[in-house]
Each structure stands twice: as structure tokens, then as C-alpha cells.
Amino acid sequence: MKCSDVMTENPVCCLSNDLVSQAARVMRREHIGPIPVVSDERTKEIIGIVTDRDLAIKVVAESRDPNRTTVGDVMTHTIVVCREDDDLSSAIAAMEEYQIRRLPIIDRGGRLVGIISQADLATRIHEPVATAMMIEEISRAA
């Protein structure tokens, strides 16, 4: 099974110059925690990821103004990704190793094409015992 078989296609993304207040509203509207950050909307080259945790730790806890702070100021620059044609086991291994619950998926050109979440794995893999064990492993604290 390939990453493209279980990923959610065309994930919501944002730009580094978007305000964190905008990103937070997108998170609320879409019911998501992380948003991939792309260089521009046309090429969708992934350059980072901003999470609800980034907003809590780097904006709220530091008393930054969310209407003046950009996503680029607080996003995580080092990201883990897989390619759409990678075997799903590679994505699962990366999620387990880095203790991440959502993994951006790129094409051969580095363009964001999807995202794999724990929910995608739970609902699209039809081996209940293996799926439960995998989700437990990903969720284990680092």
C-alpha cells in the first residue's frame, strides 16, 4: 500500500506571511491541529508546518499579538515528510519515530499533495488489531 492510498488529498495550507490569527481560525474551522506552510499557493512547495502547539507555546505563552505575528515567525521549519509513492510502512515508521500524528505528503517535485493523519490510518487500513497497535505506538509520548 502506498501513501497516496490513504492520504487526504489537497490539505489546507497557509503561507509564511499569513497572520497566526488567520491560521488559528483555519484550525478551528477545519478541526485540525497542524497546517502545512507552503512557499506559495501555486507551487505548494512545503517550507514548514504550524501547529496548535506552536500557537500556544510561541504566541500565547510569549504574549505575542496574534494579529501582528506571522506564521513564519512561529512555524516549525524542520519537518518530516514522505512521498506519495512511498510505501505506507515508511510513513508509519516516520510517524512512530518522530512521534507525530500528521505527516505531510509530497510529490517528486516537493509539492504538497496530501497529509496522512492517525484518523486516515484508522479508517483506511482494514486490519483492526494492527491499526490499534500502530496508533498506540504513534501516540506514545516521546
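Above this text is the structure in question.
Not measured: the values here are computed from a predicted model. Along each chain, the written sequence defines residue order, and numbers are assigned to residues from 1. Only residues with pLDDT of 70 or above have their local features reported here, since the model is predicted, and side-chain atom pairs are shown and tallied only from 80 upward, although totals for entire chains, interfaces and linings are computed over all residues. Heavy atoms from the whole structure form the basis of all side-chain values; hydrogens and water molecules are not counted.

### Let's talk about the nonpolar core
Put simply, buried Ala, Val, Leu, Ile, Met, Phe, Trp, Tyr and Cys residues joined by side-chain atoms within 4.5 Å make one nonpolar core. Whether a residue is buried, partly exposed or exposed follows from its accessible area with a 1.4 Å probe, protein chains only, as a fraction of its type maximum: under 20%, in between, or over 50%, in that order. In terms of nonpolar packing, the biggest core is built from 14 residues, with Leu88, Ala91, Ile105, Ile116 and Leu121 touching the most fellow members. We count a stretch as a helix when DSSP gives it H or I for four or more residues in a row; a strand needs E for two or more, and each element gets its number in order from the N terminus. Residue assignment for this core shows that the elements contributing at least two residues are helix H1 (3-6), helix H5 (88-98), strand S6 (102-106) and strand S7 (112-117). In terms of nonpolar packing, the next biggest core, distinct from the first, is built from 13 residues, Val20, Met27, Val59 and Val74 among them.

### A short note on the state of the cysteines
Two cysteine sulfurs form a disulfide in these notes if their separation is within 2.5 Å. With the rule as written, the count across this model stands at zero disulfides. Cysteine cysteine 14 shares no disulfide, and the gap to the nearest cysteine sulfur, in cysteine 13, comes to 7.2 Å.

### A few points about unusual backbone geometry
Of note in this structure, lysine 44 is not a glycine but carries a positive phi near 50 degrees. You will see that glutamine 99, though not glycine, has its phi angle at about 50 degrees, which is positive. Within the element layout of this structure, glutamine 99 appears in the loop between H5 and S6. Residue glutamine 99 is classed as partly exposed on the basis of its relative accessible area, which comes to 22%.

### Here we look at the pattern of salt bridges
We define a salt bridge as a side-chain nitrogen of Lys or Arg found within 4 Å of a carboxyl oxygen belonging to Asp or Glu. Under the counting rule described, the total for this entry stands at four salt bridges. Ionic pairing is found between lysine 58 and aspartate 54, a salt bridge with its closest N-O pair at 3.4 Å. Taken together, the residues lysine 58 and aspartate 54, both in helix H3 (residues 52-60) and four residues apart, mark about one turn of the helix. A relative accessible area of 7% places aspartate 54 in the buried class. One salt bridge connects arginine 108 with aspartate 85, and the closest N-O pair in it is separated by 3.0 Å. Placement of the pair is arginine 108 in the loop between S6 and S7 and aspartate 85 in the loop between strand S5 (82-83) and H5, with a sequence separation of 23 residues. Under the relative-accessibility criterion, aspartate 85 is labelled partly exposed at 34%.

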